[in-house]
Amino acid sequence: MNDRISQIMSFYESDNPGSRANLVRILNHGRLGGTGRLVILPVDQGFEHGPARSFAPNPAGYNPLYHFQLALEAGCNAYAAPLGALEAGAARYAGEIPLILKANNHDVLDSDQDPLSAVTGSVRQALRLGCAAVGFTIYPGSAQSRTMYEQLRSLAEEAKEAGLAVVVWSYPRGSELSKEGETGIDVVAYAAQIAAQLGAHVIKVKLPSAHLEQAEAKKVYEKHRVPVGSLAERVRHVVQSAFDGRRIVIFSGGARADDERVFEEVRAVRDGGGFGSIIGRNSFQRGRADALKFLDTVIRIYAGEIQ
Amino acid sequence: MNDRISQIMSFYESDNPGSRANLVRILNHGRLGGTGRLVILPVDQGFEHGPARSFAPNPAGYNPLYHFQLALEAGCNAYAAPLGALEAGAARYAGEIPLILKANNHDVLDSDQDPLSAVTGSVRQALRLGCAAVGFTIYPGSAQSRTMYEQLRSLAEEAKEAGLAVVVWSYPRGSELSKEGETGIDVVAYAAQIAAQLGAHVIKVKLPSAHLEQAEAKKVYEKHRVPVGSLAERVRHVVQSAFDGRRIVIFSGGARADDERVFEEVRAVRDGGGFGSIIGRNSFQRGRADALKFLDTVIRIYAGEIQ
Amino acid sequence: MNDRISQIMSFYESDNPGSRANLVRILNHGRLGGTGRLVILPVDQGFEHGPARSFAPNPAGYNPLYHFQLALEAGCNAYAAPLGALEAGAARYAGEIPLILKANNHDVLDSDQDPLSAVTGSVRQALRLGCAAVGFTIYPGSAQSRTMYEQLRSLAEEAKEAGLAVVVWSYPRGSELSKEGETGIDVVAYAAQIAAQLGAHVIKVKLPSAHLEQAEAKKVYEKHRVPVGSLAERVRHVVQSAFDGRRIVIFSGGARADDERVFEEVRAVRDGGGFGSIIGRNSFQRGRADALKFLDTVIRIYAGEIQ
Amino acid sequence: MNDRISQIMSFYESDNPGSRANLVRILNHGRLGGTGRLVILPVDQGFEHGPARSFAPNPAGYNPLYHFQLALEAGCNAYAAPLGALEAGAARYAGEIPLILKANNHDVLDSDQDPLSAVTGSVRQALRLGCAAVGFTIYPGSAQSRTMYEQLRSLAEEAKEAGLAVVVWSYPRGSELSKEGETGIDVVAYAAQIAAQLGAHVIKVKLPSAHLEQAEAKKVYEKHRVPVGSLAERVRHVVQSAFDGRRIVIFSGGARADDERVFEEVRAVRDGGGFGSIIGRNSFQRGRADALKFLDTVIRIYAGEIQ
Amino acid sequence: MNDRISQIMSFYESDNPGSRANLVRILNHGRLGGTGRLVILPVDQGFEHGPARSFAPNPAGYNPLYHFQLALEAGCNAYAAPLGALEAGAARYAGEIPLILKANNHDVLDSDQDPLSAVTGSVRQALRLGCAAVGFTIYPGSAQSRTMYEQLRSLAEEAKEAGLAVVVWSYPRGSELSKEGETGIDVVAYAAQIAAQLGAHVIKVKLPSAHLEQAEAKKVYEKHRVPVGSLAERVRHVVQSAFDGRRIVIFSGGARADDERVFEEVRAVRDGGGFGSIIGRNSFQRGRADALKFLDTVIRIYAGEIQ
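Cut-offs and rules
Residues numbered from 1 in each chain as written. Chains lettered and ligands numbered in written order. Predicted model: local features only at pLDDT ≥ 70, side-chain atom pairs only at ≥ 80, totals over all residues. Heavy atoms only, no water. Helix = DSSP H or I, 4+ residues; strand = E, 2+ residues; numbered from the N terminus. Rg over C-alpha atoms; globule rule 2.2 N^0.38 Å. Buried < 20%, exposed > 50% of the residue type's maximum accessible area, 1.4 Å probe, protein only. Contact = heavy atoms within 4.5 Å. Least-squares fit on C-alpha atoms with pLDDT ≥ 70 in both. Buried area = accessible area lost by both parts, 1.4 Å probe. Salt bridge = Lys/Arg side-chain N within 4 Å of Asp/Glu carboxyl O. Polar contact = N/O pair within 3.5 Å; in protein donor to acceptor, adjacent residues only side chain to side chain. Nonpolar A, V, L, I, M, F, W, Y, C, P; charged D, E, K, R; others polar. Pairing = 2+ DSSP bridges. Right-handed = clockwise from strand over helix to strand, strands pointing away. Expected span 1.5 Å × (residues − 1). Axes fitted to C-alpha atoms, helices over the stretch in contact; angles between N-to-C directions. Parallel < 35°, antiparallel > 145°, perpendicular 65-115°, else oblique. Left-handed = near helix turned anticlockwise from the far one by under 90°. Core = buried A, V, L, I, M, F, W, Y, C linked by side-chain atoms within 4.5 Å. pLDDT = per-residue confidence, 0-100. Lys, Arg positive; Asp, Glu negative; His and termini not counted. Phe/Tyr/Trp six-rings, centres within 6.5 Å; stacked < 30°, edge-to-face > 60°.

Caption draft 1: Looking closely at the overall build of chain A. Along chain A, the regular secondary structure elements total 14 helices and ten strands. Relative to the globule expectation of 19 Å for 307 residues, the C-alpha radius of gyration of chain A, 18 Å, shows essentially globular dimensions. Across its three principal directions, the C-alpha atoms of chain A cover 55 × 45 × 40 Å. Among the 307 residues that make up chain A, the fraction classed as buried is 66%. Long-range contacts, defined as pairs at least 24 residues apart, comprise 73% of the intrachain contacts of chain A with a sequence gap of at least 6.

Next comes the structure, spelled out in structure tokens:
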């Protein structure tokens, strides 16, 4: 374990050796292994948005084995997916790449302003499939957030006792938040804090905008002149809001976007002290060769090999 | 185990030997044994639609033993029914045909736009009755879908630990879906994907129409020109949406219909790469001799003995 | 075990010896022992309608011991009552008559169009009190029917594992059923089917009228000319709807009525192939001597000693 | 055990020796020990109505030890209170007076027409604190009555297995009952019946008025001329409605009232065959000497020492 | 153990040695150790109000280790925080200061007039992290209060069996309480009583105003001239309402305020017989040196070293 990894692991010294070992496995895997930076491939969009919307742009992605292979060849730190997708490849790729069982999921066949995901996985399944971590989504701001916090409490407690790491997707949504507010800097920072308080080892949030959503919070940001003007500053503030940098915070890319814009965002994460990216659609919704090249650039930005 | 069965079983290599053995039992049973195709007889309509609507056309069907016998003589791969119906014949027909305990059921004595089935069976009962699998219905699109997904998660976890196979009926329904949308190709493909992600070994869906229900999905189908014009193409797309063919997908026939139309559909399933049919009312709502002849034709189409 | 009892018991050959033994105990007890017919005394009206409405006509009935004694002297096959009433006499009458613990109850202190009974008993209590069976009411048609089906699933599973018999009161009620529809032949037959599918050993329904409630069902009854004109025909159809006579179906008498009308109904049950009657208020809401005489006539009709 | 106590205990012969022993402990404790009559001190008003409303009239009552001492010196049969109050004195007064853990409670900080109490105690706590019984309130008539019945079912089952006695406060309330109806004789008698059916060993109800609330019941009371004109007659009818006197039924006094009126009520309970009183506010909302004198009179009326 | 601590511990003589030991650990820790007074540092505002609103005034507070250190250096009796914050420092500060795991939390990303906190911690986690106590918030007056009372019942039972102490934050809130009523003396006293009855060892309430909220209570306060004119009198009445001083009651400071006002309040707590203060935002929302000086004054007021 190098110094940076040791330093990061010092944030988790209350955890038992099993969970710590799995965090180290993730931090030390792939091309960013040992740098303290991470790039994770998540593929739950088949469930979350539907198969054609996810895989028609690159039909190879209908096959769950494709994503195991992509994550492995690109040199990602880990691969995250729902139960069924992991079952499809866990035996074949056993031990080749750290797996994260995404243990709850949401579909769009009915709409809901205050969403609640269904619990679709469990610690028992994560252990059976050889996963390094369980992943769980919370929607702070949803009228159903309490239910998700309590499901996470229970899942995380069991996961930690079983020596797994816990990754939390913290995505503000709900009938009282504006669409813009879902990625407002005050709201995203709050979401990161909640995930940290709930015991997440790794926290995934969306990249925040400069929008300030809540009146009470806005007053404080303005009074204390919290710097949130640039994306890097906002990343820094979110990382600060997750125990002052003592929790691994990674940022998601969202829908398919212009490559250069993604690279800009990656640079902002890097410069703001973020720990890395979790990139789904931008990776798998293009051909394999193109995807590998794209991820190579991302990884090299994090590795400091290119600006 | 022949090559085709070995190939299919390679999709399930994360599963334990018990579940794999039960899948093989189903795949190798009956007249289609070893072909990789299946015809299953399901009889839960007494519960789902009422006894007279189900059995008055052929009163012999009031007797649960009739269906065991019909499935056996027709050479089906398996017989599926609710708890009570299986209890009525499981001892007498012990070991003669793979049984699937249909573990949730819905009746029509009260209406519900966002339906939820009642859990009526359990893994303990399936084991006690010597079943090869448990069956479970989900209604993606229902406001109550989360509850069903979580019931399935729990049932499937327990079933897999007990070495059973898991068959999921995935039928989109709900107040936000149009009647036409319930069998729209985008929706049926999504339903197959959800069942796969939830860990189904075998997925049962309805035959899809060319209708596209969801605006976001429609854009993608049109942009990427996903071929869904013929029924065989749609079958192929649904099978693709269930892990690119790496899960057994079978198609249901629906209400009593013209025989030739059913045979046409069976050909489309065969040609589109579907794994088979699950045929209830079209089988048992006619006299025994007629039913055996009808099923014989279906089986011979799948077996390639006739066009 | 005589031939008729052996035949009936052949319907339950999937059950374990404990449950079968308790069914035989009930079938072989009392004056109808060995005939395959049953008369059961149920006394839960104190809970369901209130004490004065139940017992003021014959105040001896306030005392729970009275009913044990009545059932015993009349030669009934079994006595059914809620927890408290059984506790009051189970020790004194231990082993003298098969007991059925009525494990859920409903009162009329608040109204409800879609009723749900409270679970008031359990398998543990049934075993402690030496019962032969548990009894449970479901209200098919109620918006809360799913809850009751699932409570029954769990209770029945536990009861069967403990070697008890399971008796289901299946009474259609709910905001979408007309008052007339609650006893319509299509609805009662459906209720019997549901109870059978849920795993009941013994099914109790109300005597059906010739009314047809559901439009879809009505079409089928008319198209296939299902004979439901006479009460005996309707009894026969209900019995057919409960696995073609392979489940014990008994009929309830309802509120206090003219004796001759009750005897007429008993004859119809007998002639239609019903297994017997469960008669509460008509028995205990009159003096003891009169009640014994009344039950004697009922029993003799079933026994074939009188027309 | 004298004859009267033996007679009472014969009503509970289905119970195990532990519960029977605790009932005997209560019946044989204090100045009414062995008479078959009881006076119990309940102090849960701090929770139910608030501390000042309960204890400001006699501030010594803020101290939980005061009530242990009062019950002991007055020679009551038992003392009933919520968890915290019992914890405050259970060690100091260990073994000196039978304790009843009041295992659910309701406060008045929010209003509710269909009330539900919170479960605040448990059998484990009752055993830890050396209690002889658990107490539980049900509100028959509340739209939430089912929940309370089922909580009681579970608590009582566990209590009886642990050898405790079960005391049920049965207080009709709910949006469909008139205020007058809550103490109407038909409703109170029904409440006593429900408590008995749910397995209560001891039933506490309010003193009933001559009001008849439910139309169906009224008809029966009038047709059968059930005598409910005097308070003693109504007490007798309530006792009859609780298994014809085969369950211990005690009556509560309600809010602070004129002493002579309370003594009149006590005489009516005695003459109507009631088993005793449970007297809270009338006891502890006055000075200690006065309270002891008041309780002495109540006890002597029950003991037959004075009229 | 000195006399005052022995006296306090005599209030808890029903508790097992483990819980008593942890109470003594808290009472004997820090600069007020042995005085029977307490100052506790709570830091859950990151969760409850958001990170910037909590920590922007003193950004060092984003780091959870800062608060462990502050509580330790200031000589507080204990430090209370949610799961994640405790995990961040529990290993590093193991054994240095008694910890209280705040086991439920509430955020302000969605509004709720009848609030319910999410359960975010557990006894297992408290034991794993070496805590001396669990903390839990109830909102008496909320339509959801019953749920919280029952969660507390279960948590407290488990905590006491595991030898932990139980600290209850009792904060009246709900749609039927006026804003002023939340801190009205009748309501705060009632909240203290409820916490005591639910089995709290330590009760935290807000400082009460002279407002009287509930009409029924107001009558009693006026009739019996309960002295609630001065803050010290109100503190005394609240302490009296928590078992007449036989439970540890501490008072919270609320939002950042003028120092002199806080000191005045501390004097009132001291003079009214309160056991101490729990001071969050007034401590950590200023620089470290300033905070230490501020807490030093508070502690010296309680210690009697200054007026």
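Caption draft 2: Main features of the relation of the copies chain B and chain C. Mapping chain B onto chain C calls for a screw motion: a turn of 72° about the axis and a shift of 0.0 Å along it, with 0.0 Å RMSD after fitting. Considering both components of the superposition, the chain copies are consistent with a five-fold axis. Minimal C-alpha separation from the rotation axis in chain B is found for Thr147 of chain B, amounting to 11 Å.

Caption draft 3: Structural detail: the interface of chain B and chain C. On the side of chain C, 40 residues touch chain B, which itself brings 45 residues to the contact. Interface area, chain B with chain C, both sides summed: about 3,600 Å², of which 54% is carbon and sulfur. At the junction of chain B with chain C, the criterion picks out six salt bridges. A salt bridge links Arg92 of chain B to Glu13 of chain C; the nearest nitrogen and oxygen atoms lie 3.0 Å apart. Applying the counting rule to chain B against chain C returns 21 residue pairs in polar contact (both at pLDDT 80 or more). For the side of chain B that touches chain C, the secondary-structure elements that each account for two or more residues are helix H3 (45-48), helix H4 (51-55), helix H5 (64-74), helix H6 (83-89), strand E5 (118-119) and helix H7 (123-128) of chain B. Ranked by the residues each element gives to the side of chain B that touches chain C, the list is headed by H6 of chain B, at six residues. Tallied by class, the residues present in the side of chain B that touches chain C amount to 23 nonpolar, 13 polar and nine charged.

Caption draft 4: Structural view of the arrangement of the chains. Separating chain B from chain E is a minimum C-alpha gap of 20 Å, and the two share no contact. There is no contact between chain C and chain E; across them, the least C-alpha separation is 20 Å.

Caption draft 5: Focus on the interface of chain C and chain D. On the chain D side, the residues contacting the 45 residues of chain C number 41 residues. Each partner contributes to the roughly 3,600 Å² buried at the junction of chain C and chain D, and carbon and sulfur atoms together form 54% of this total. Counting every contact that joins chain C to chain D gives 20 residue pairs in polar contact (both at pLDDT 80 or more). Here the element with the most residues in the side of chain C that touches chain D is helix H6 (residues 83-89) of chain C; it accounts for six residues. Split into classes, the residues belonging to the side of chain C that touches chain D amount to 23 nonpolar, 13 polar and nine charged.

Caption draft 6: Representation of the pairing of strand E6 (residues 133-138) of chain A in the model. Residue and element names in this part refer to chain A. Along E6, six of the six residues are buried, which leaves the element largely enclosed by surrounding structure. Burial of the side chains of E6 extends over both faces: Ala133, Gly135 and Thr137 are buried on one face and Val134, Phe136 and Ile138 on the other. Of the pairings in the sheet, the one linking strand E3 (residues 99-102) to E6 comprises three bridges and is parallel in character. Considered in E6, the bridge of Ile100 is made with Ala133. Note on the crossover from E6 through helix H8 (residues 145-161) to strand E7 (residues 165-170): the handedness is right-handed.

Caption draft 7: Representation of the pattern of salt bridges in the model. Counted by the stated rule, this structure contains 98 salt bridges over all chains. A salt bridge links Arg261 of chain A to Glu265 of chain A, with the nearest nitrogen and oxygen atoms 3.2 Å apart. In this pair, Arg261 of chain A and Glu265 of chain A both sit in helix H12 (residues 259-271), four residues apart, roughly one turn of the helix. A relative accessible area of 14% places Glu265 of chain A in the buried class. Look at the salt bridges and you will find they share partners, linking Arg124 of chain A together with Arg153, Glu157 and Glu161 of chain B into a network.

Caption draft 8: The arrangement of helix H8 (residues 145-161) of chain E in detail. Residue and element names in this part refer to chain E. Between its first and last C-alpha, H8 extends 24 Å over 17 residues, near the 24 Å set by a 1.5 Å rise per residue. H8 sits mainly inside the fold: twelve of its 17 residues count as buried. Of the residues making up H8, those classed as buried are Ser145, Arg146, Met148, Tyr149, Gln151, Leu152, Arg153, Leu155, Ala156, Glu157, Ala159 and Lys160.

Caption draft 9: Structural detail: the sheet that holds strand E1 (residues 38-42) of chain E. All names here are of chain E. As summarised here, the arrangement of the eight strands in space is E1-E2-E3-E6-E7-E8-E9-E10, forming a closed barrel in which the pairing is parallel. Neighbour-to-neighbour, the strand axes of this sheet turn through a mean angle of 25°, independent of strand direction. For strand E7 (residues 165-170) and strand E8 (residues 202-206), the ladder comprises three bridges, and the chain directions are parallel. For Val168, the partnering residue across the bridge sits in E8 and is Ile203. Most of the contacts of helix H5 (residues 64-74) go to strand E2 (residues 78-81), to which it runs at about 155°, and overall it touches E1, E2 and strand E3 (99-102).

Caption draft 10: A look at the packing of H5 of chain E against helix H14 (residues 288-303) of chain E. Residues and elements named next belong to chain E. Direction vectors running N to C along H5 and H14 enclose 40°, while the axes themselves pass 10 Å from each other. Classed by the angle they form, the pair H5 and H14 counts as oblique. The two elements H5 and H14 cross, and the hand of that crossing is right-handed. For the pair formed by H5 and H14, the contact residues are Tyr66, Leu70, Glu73 and Ala74 on the first element and Arg288, Ala291, Leu292, Leu295 and Ile299 on the second. Looking at side-chain class alone, the contact of H5 with H14 contains seven nonpolar, no polar and two charged residues.

Caption draft 11: Representation of the sheet that holds strand E1 (residues 38-42) of chain D. Residue and element names in this part refer to chain D. A barrel is described by the order of its strands in space; here eight strands give the closed sequence E1-E2-E3-E6-E7-E8-E9-E10, paired in parallel fashion. Taking the axes of each pair of neighbouring strands and ignoring which way they run, one obtains an average angle of 25° across the sheet. Each of strand E6 (133-138), strand E7 (165-170) and strand E8 (202-206) is contacted by helix H9 (residues 185-197), which is oriented at about 160° to E8, the strand it contacts most.

Caption draft 12: Representation of the nonpolar core in the model. Core analysis: the largest hydrophobic core is formed by 580 residues, its most contacted members being Tyr79 of chain A, Tyr79 of chain B, Tyr79 of chain C, Tyr79 of chain D together with Tyr79 of chain E. Contacts of Tyr79 of chain D, omitting those with residues within four sequence positions, involve Leu41, Val43, Pro64, His67, Phe68, Ala71, Leu86, Ile97, Pro98, Leu99 and Ile100 of chain D.

Caption draft 13: Up close: the confidence of the model for chain A. Counting all residues, the mean pLDDT for chain A is 96, and 100% of those residues have values of 70 or more. Scoring the predicted complex yields pTM 0.94 and, for the interface, ipTM 0.93.

Caption draft 14: Examining the side chain of Glu48 of chain E more closely. Tracing the backbone through its elements, the reader meets Glu48 of chain E in helix H3 (residues 45-48). One buried charged residue, Glu48 of chain E, remains without a salt bridge, the closest side chain of opposite sign being Lys102 of chain E at 4.5 Å. Separated by 3.0 Å, the side chains of Glu48 of chain E and Asn105 of chain E make a polar contact. One polar contact links the side chain of Glu48 of chain E to the main-chain amide nitrogen of His106 of chain E, over a distance of 3.1 Å. The contact partners of Glu48 of chain E, leaving out residues within four places of it in the chain, are Tyr190 of chain A together with Lys102, Asn104, Asn105, His106, Asp107, Val108 and Tyr139 of chain E.

Caption draft 15: Broad picture of the packing of aromatic side chains. All chains considered together, the criterion is met by 30 aromatic pairs over all chains. Centre to centre, the rings of Phe47 of chain B and Tyr149 of chain C are 6.0 Å apart; their planes meet at 80°, and the pair counts as edge-to-face. Taken together, the residues Phe47 of chain B in helix H3 and Tyr149 of chain C in helix H8 (residues 145-161) connect one chain to another. Phe47 of chain B sits in the buried class, given a relative accessible area of 0%. Under the relative-accessibility criterion, Tyr149 of chain C is labelled buried at 1%. Among the aromatic residues, those joined into a ring-pair cluster are Phe55, Tyr62 and Phe284 of chain A.

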